[in-house]
Amino acid sequence: MENGRNAADAARVIARALVYAVVGGVALLAVVTVGSVLGPMVVLDLATPAMAAWWTVFTAVAVQGIPFLLLGTVVSAAIGAFVPERVFRRVLPKNPALAVPVAGAAGAVLPGCECASVPVADSLMRRGVAPAAALAFLLSAPAINPVVLVATSIAFPGDPAMVGARLVASLATAVAMGWLWVRFGKEEWLPSVRRGGGAASGAGGWRGFRDGLQHDFLHAGGFLVLGAAAAASFNILVPRSLLDVFTGSPWLSVLLLAVLAVVLCVCSEADAFVAASLTGFSPTARLAFMVVGPMVDLKLIALQAGTFGRAFAVRFSAVTWVVAVVSSVLVGGWLL
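Residues numbered from 1 in each chain as written. Predicted model: local features only at pLDDT ≥ 70, side-chain atom pairs only at ≥ 80, totals over all residues. Heavy atoms only, no water.

Draft legend 1. Seen up close, the overall build of the protein chain. Counting secondary structure elements, the protein chain contains 16 helices and 0 strands. When the 336 residues of the protein chain are sorted by exposure, 48% land in the buried category. Accessible surface, the protein chain: about 14,900 Å² in total, of which carbon and sulfur atoms supply 72%. (Helix = DSSP H or I, 4+ residues; strand = E, 2+ residues; numbered from the N terminus. Buried < 20%, exposed > 50% of the residue type's maximum accessible area, 1.4 Å probe, protein only. Areas by Shrake-Rupley, 256 points an atom, 1.4 Å probe, with all protein chains shown as cover.)

Draft legend 2. Expanded view of the packing of helix H12 (residues 250–264) against helix H16 (residues 310–335). Contact pair H12 / H16: the axes reach a minimum separation of 11 Å and the direction vectors enclose 135°. Viewed along their axes, H12 and H16 adopt a mutual orientation that is oblique. Between H12 and H16 lies a crossing of right-handed hand. Across the interface between the two elements, Trp251, Val254, Leu255, Ala258, Val259 and Val262 from H12 touch Trp321, Val325 and Val329 from H16. (Axes fitted to C-alpha atoms, helices over the stretch in contact; angles between N-to-C directions. Parallel < 35°, antiparallel > 145°, perpendicular 65-115°, else oblique. Left-handed = near helix turned anticlockwise from the far one by under 90°. Contact = heavy atoms within 4.5 Å.)

Draft legend 3. How the structure looks around the packing of helix H8 (residues 160–184) against helix H14 (residues 283–292). One way to put it is that H8 packs onto H14 with a least axis distance of 10 Å and a crossing angle of 50°. On the basis of their axis angle, the class for H8 and H14 is oblique. H14 is crossed by H8, and the crossing has right-handed handedness. Across the interface between the two elements, Met162, Ala165, Arg166, Ala169, Ser170 and Thr173 of H8 pack against Pro283, Leu287, Met290 and Val291 of H14. The residue inventory of the contact of H8 with H14, partitioned by class, reads 7 nonpolar, 2 polar and 1 charged. (Nonpolar A, V, L, I, M, F, W, Y, C, P; charged D, E, K, R; others polar.)

Draft legend 4. Structural context of the packing of aromatic side chains. Counted according to the given criterion, the structure contains 3 aromatic pairs. Centre to centre, the rings of Trp181 and Phe312 are 5.9 Å apart; their planes meet at 65°, and the pair counts as edge-to-face. Of this pair, Trp181 sits in helix H8 while Phe312 sits in helix H16, placing them 131 residues apart in sequence. Overall, the relative accessible area of 12% leaves Trp181 in the buried class. Taking relative accessible area as the criterion, Phe312 reaches 1% and is therefore assigned buried. Pairing Phe312 with Phe316 gives two aromatic rings, centres 4.9 Å apart and planes at 15°, and the pair type is stacked. In this pair, Phe312 and Phe316 both sit in helix H16, 4 residues apart, roughly one turn of the helix. Side by side, Phe312 and Phe316 carry an identical accessibility label, which is buried. Ring-pair connections join several aromatic residues into one group, and the members of that group are Trp181, Phe308, Phe312 and Phe316. (Phe/Tyr/Trp six-rings, centres within 6.5 Å; stacked < 30°, edge-to-face > 60°.)

Draft legend 5. Molecular detail of the environment of Ala52. Along the chain, Ala52 turns up in helix H2 (residues 49–82). Separated by 184 residues in the primary sequence, Ala52 and Ile236 have C-alpha atoms spaced 10.0 Å apart.

Draft legend 6. Main features of a nonpolar patch on the surface. Taken together, the side chains of Leu167, Val168, Trp334, Leu335 and Leu336 define a hydrophobic patch exposed on the protein surface, amounting to about 440 Å² of accessible area. Looking at the nonpolar patch, the elements with two or more residues in it are H8 and H16. Relative to the helices and strands, Val168 is located in helix H8. (Patch = residues over 30% accessible without salt bridge, like charges linked within 9 Å, V, L, I, M, F, W, Y side chains within 5 Å. Salt bridge = Lys/Arg side-chain N within 4 Å of Asp/Glu carboxyl O.)

Draft legend 7. H8, seen in detail. Compared with an ideal rise of 1.5 Å per residue, which puts 25 residues at 36 Å, H8 spans 36 Å between its outermost C-alpha atoms and is within 8% of the ideal. Met162, Val163, Ala165, Arg166, Ala169, Ser170, Thr173, Ala174, Val175, Met177, Gly178 and Trp181 are the residues of H8 that are buried. (Expected span 1.5 Å × (residues − 1).)

Draft legend 8. Here's a closer look at the pattern of salt bridges. Applying the stated criterion across every chain yields a total of 2 salt bridges. One salt bridge connects Asp271 with Arg166, and the closest N-O pair in it is separated by 2.9 Å. Placement of the pair is Asp271 in helix H13 (residues 271–277) and Arg166 in helix H8, with a sequence separation of 105 residues. The exposure class of Asp271 is buried, given its relative accessible area of 1%. Put simply, Asp297 and Lys299 hold a salt bridge, and the shortest N to O gap is 3.1 Å. Exposure class is identical for Asp297 and Lys299. Each is buried.

Draft legend 9. Geometry of the side chain of Asn145. Within the secondary structure layout, Asn145 lies in the loop between helix H6 (131–144) and helix H7 (146–155). A polar side-chain atom of Asn145 sits 3.1 Å from the main-chain amide nitrogen of Val148. (Polar contact = N/O pair within 3.5 Å; in protein donor to acceptor, adjacent residues only side chain to side chain.)

What follows is the structure, encoded as structure tokens:
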């Protein structure tokens, strides 16, 4: 009888948690979607077309990120509540340097974007995974998963070299960053993980899953909104004529698109179509746009700052950007 009551209680808790997650996600997505339609109309009446354009870009970035953010927080809460640390110790090599490429390759399993990878990587660290391996997974998951690679093949029809170049350059960047963390990373740069913060430190089971889901989704969602606002501001404040100046130089075009990838915050499932539309730029420059974007953009930096701390986000994002650009140039020169 006692076991039956426990099972019934567990079923009620998980059902309630899933209802909260689905209803909360759908409600938030509905509000943003309605806002994206009505917002520009209201702003046009009250202010200027520029403000209406700002609102359109802001809601577009938010709508792209919310479903994958929900996916990531569900996975993160499930890992924190149900997966014991011994599972990760068995799957990953004990040597962090060997665990990095394994974790990087495992990023192909999760079909999500950068919004999903941050809470999952945080949960992995708090469950005993070496930070270097978790960070390699964080970078590779949104860049080399099957959804992204299929989208890239559709955006660049008849050009399998671009798909292969994206896979190789992105995986190389993720593994290189993991190895750099093994060599130079410091524990104090991850204060939340060192303190055992977050949902994983609380109760386990279905109740821990529910609490972790609520905490992670609300916490990360605020930083997603902040990043979307920053991306929208860039789109409005920087004139398009200024961008045309850089298209004539191969080196400047790579750097420009690498910077644009940071500020435009295009979801990794959609960035290949944006890159394909940039026909005035070289293939290597467009590759850099697709490699940098899923690993370093404004909303991702904001999510990392909120999850791991500002000191980590500044250092990690800056080095990742440099490594991703170098990797894109080398792989682009080789395959493209």
